[in-house]
Amino acid sequence: MIFLAPATLGFVVFYIWPTLRGAYLSFTEYSLLQPPRFNGLQNYERMVQDSFFWNALVVTVEYVVINIGLQTVLAVLIAMLMYRLTKSITVRAVILLPYLIANVVVALVWYWMLDFQVGIVNQGLELIGIDPVAFFGDSHWAIPTVAGINIWRHMGYTALLVFAGLQMIPSYVYEAAEVDGSSEMQTFWRITLPLLRPVLVMVLVVTMIGSFQVFDTIAVTTQGGPINATRVIYFYIYERAFTRFDFGYASAMAMVLFVILAIVSLLQLRLLRAKESDLA
Amino acid sequence: MRKSLTPGRAAAWALLIVLMVLTLFPFYWMLRTAFSDNTQLAGHPSSLLPVETTLGAFKRVLGLSTVEEAQAQGGSGAAVNFWLYLRNSVIVSTVTTLCQVFFSAMAAYAFARLRWPGRDKVFALFLAALMVPPIFTTLPNFVLIKNLGLLNSFAGIILPGALMTPFAIFFLRQFFLGISRELEEAAMIDGAGHRRIFFGIVIPMSAAPIATLAILTYINSWNDYFWPLLVGQQENVRVLTVALGVFRSQTPQGGPDWAGLMAAALIAALPMIILFLAFAKRITNSIGFSGIK
């Protein structure tokens, strides 16, 4: 039993207890200075009225849709390219590299490259005759920009997950397809993609859960601006808790995020029939 | 599959190479900027080589240049000491990794090998914790660390991750389950206790997955921002990621010290790049079969 003691202690103190306490705090008013005071459903009622909360949800969903949509397509593309062309570990390593660099570092590098006046990206755009874009300063561009940065960091990692899934597809199905005269495109849409579905579902669930929790990139670049355009739910909860010391309300929002994530994962698993494999 | 270079394959290679260049270019740009003189950067925004090559930016962020020197090269002159933050990051990541991997391995052994009532239910509960979004437990954990008086201490930064993570236990349990029992049973007949079996047989036999887990844990810990931002703001325990955020918010809006920022970012990224170069094969191979982190 001594084997389990440290981990159990850690689990109870830093996972179980805070989960229960977080649920309780969401029904209280708590400023850290005085003990939490139970106030029933007030935090949740307030949330319904809070336009910042709704804005945060909308912005977060916008981010998730752009991020996950593009990232998944790119990851499948990269994985297919690697699968067909090379097993080189160097290629895989290069593709993975950005994932190992801290979000904060990645955000700063892109913040510099996308600078309105002297950033290299806008210099490049100017060269081909496009007006410079205020990637972080324009409220229409801010969320796509943040999404793009995180796609750059994560697409290689996601591609390697898909790549691992591709290798699990037995070669005889491809041989059969070739014998039947299937074109490459047909093979991809009719065979590869359906057989890849269980892997894709898992990848989608995991990347989407991560994507809902975007924080670091925004904290070091836009800080929620311009005019609330990038105040995602994680950042709003952080602000409420740690700059306004409104812990009860922040906990209630974290609770809602928790429920949303649980529903999203369940729905995805259901809709994409994750458990059935077509390879039976 | 045919291996000859058809036009289709050539196009595919071209696309893959473009994607790799897109992946690598920001690293080059970070390097190019870090070795530039910040006052000259704005004049040559698209120069592909460093502008007025200098080590000034590195000296500046490592606290090695005087205020005058720093300002002459476009720094703010504010005191920054990335040596200190580098040291803090090393301390936090090393202690977190050692403790987390060791205690998780012990627990994984208990879940994989020991028989006790309710084992599988407890394991399921551990896994269920993976579903709880970090921010939900982070708020109460912050209150706990604050009440324990551990704000702005290494203990406060390290403690929540030091004893276990559900992922680490899950990861190692998979490997322990795969080890053949015969050796352990033989040892048990010879009178070896669980402690000797764990240290003498299980750990040596799983050295490879334990090393992989340790590397992944180290990288995650090194790159973590949110938790140290909350509990480790003070300079003496500030880690690199937090320091970069502070450095960025200190730079004046008009003329940011881009060279300094990129030099600091490079200092934060370089240890991970080196670690990756050393263990590239192990790290890339771990992604996929270990499932999902």
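First, a word on scope: everything that follows refers to the structure included in this document. (Residues numbered from 1 in each chain as written. Chains lettered and ligands numbered in written order. Predicted model: local features only at pLDDT ≥ 70, side-chain atom pairs only at ≥ 80, totals over all residues.)

So, on to the overall build of chain A. Summing up its helical and strand segments, chain A has 12 helices and two strands in all. Secondary structure elements of chain A, listed N to C terminal, follow the sequence α-β-β-α-α-α-α-α-α-α-α-α-α-α. Counting only C-alpha atoms, chain A reaches 75 × 60 × 40 Å along its principal axes. The 280 residues of chain A split such that 43% are buried. (Helix = DSSP H or I, 4+ residues; strand = E, 2+ residues; numbered from the N terminus. Buried ≥ 20, exposed ≤ 12 C-beta atoms within 10 Å, placed from the backbone.)

This part covers the nonpolar core. Across soluble globular proteins, nonpolar side chains show a tendency to be buried alongside one another. Grouped together as the largest cluster of nonpolar side chains are 162 residues, with contacts concentrated most on Val105 and Leu108 of chain A together with Ala107 and Ala265 of chain B. Examining the composition of this core, we find that 14 residues originate from one element, helix α15 (residues 258-289) of chain B, more than from any other. Among all residues touching alanine 107 of chain B, those that are not within four sequence positions of it are Phe3, Leu4 and Ala7 of chain A together with Met164 and Ile169 of chain B. (Core = buried A, V, L, I, M, F, W, Y, C linked by C-beta atoms within 7 Å. Contact = placed C-beta atoms within 7 Å.)

Taken together, the contact between chain B and chain A spans 65 residues of the former and 67 residues of the latter. Of all the elements in the fold, those that place two or more residues in the side of chain B that touches chain A are α1 (7-34), α5 (82-112), α7 (134-147), α12 (207-223), α13 (226-231), α14 (240-250) and α15 of chain B. By residue number, the principal contributor to the side of chain B that touches chain A is α15 of chain B, which donates 14 residues. Within the side of chain B that touches chain A, the residues separate by chemical class into 51 nonpolar, 11 polar and three charged. (Nonpolar A, V, L, I, M, F, W, Y, C, P; charged D, E, K, R; others polar.)

Let us now look at unusual backbone geometry. All names here are of chain A. Here the residue pair glycine 225 and proline 226 is connected by a cis peptide bond, since its omega of -15 degrees sits within 30 degrees of zero. Topologically, proline 226 is positioned in the loop between α10 (216-220) and α11 (233-242). Backbone geometry at asparagine 228 places phi at a positive 65 degrees, although glycine is not the residue there. Considering the arrangement of structural elements, one finds asparagine 228 in the loop between α10 and α11. Overall, the presence of 16 C-beta atoms within 10 Å leaves asparagine 228 in the partly exposed class.

Mapped onto the fold, leucine 114 of chain B is located in the loop between α5 and α6 (119-128). By C-beta crowding, leucine 114 of chain B is classed as partly exposed, having 13 other C-beta atoms within 10 Å. Residues leucine 114 of chain B and proline 50 of chain B, 64 residues apart in the sequence, show an inter-C-alpha distance of 60 Å. Ignoring any residue separated from it by four or fewer positions in sequence, one finds leucine 114 of chain B in contact with Phe3 of chain A together with His194 of chain B.

All names here are of chain A. Look at helix α9 (residues 184-212): only 35 Å from first C-alpha to last across 29 residues, short of the 42 Å you get at 1.5 Å a residue. Largest kink in α9: about 55 degrees, centred on arginine 197, with the proline proline 198 one to four residues after it. All buried positions along α9 are accounted for by Thr192, Leu196, Val199, Leu200, Val203, Leu204, Val205, Thr207, Met208, Ser211 and Phe212. Here the buried face of α9 lies against α3 (51-85), α7 (142-167) and α12 (247-271). (Expected span 1.5 Å × (residues − 1). Bend = angle between axes of the 7 residues up to and from the residue.)

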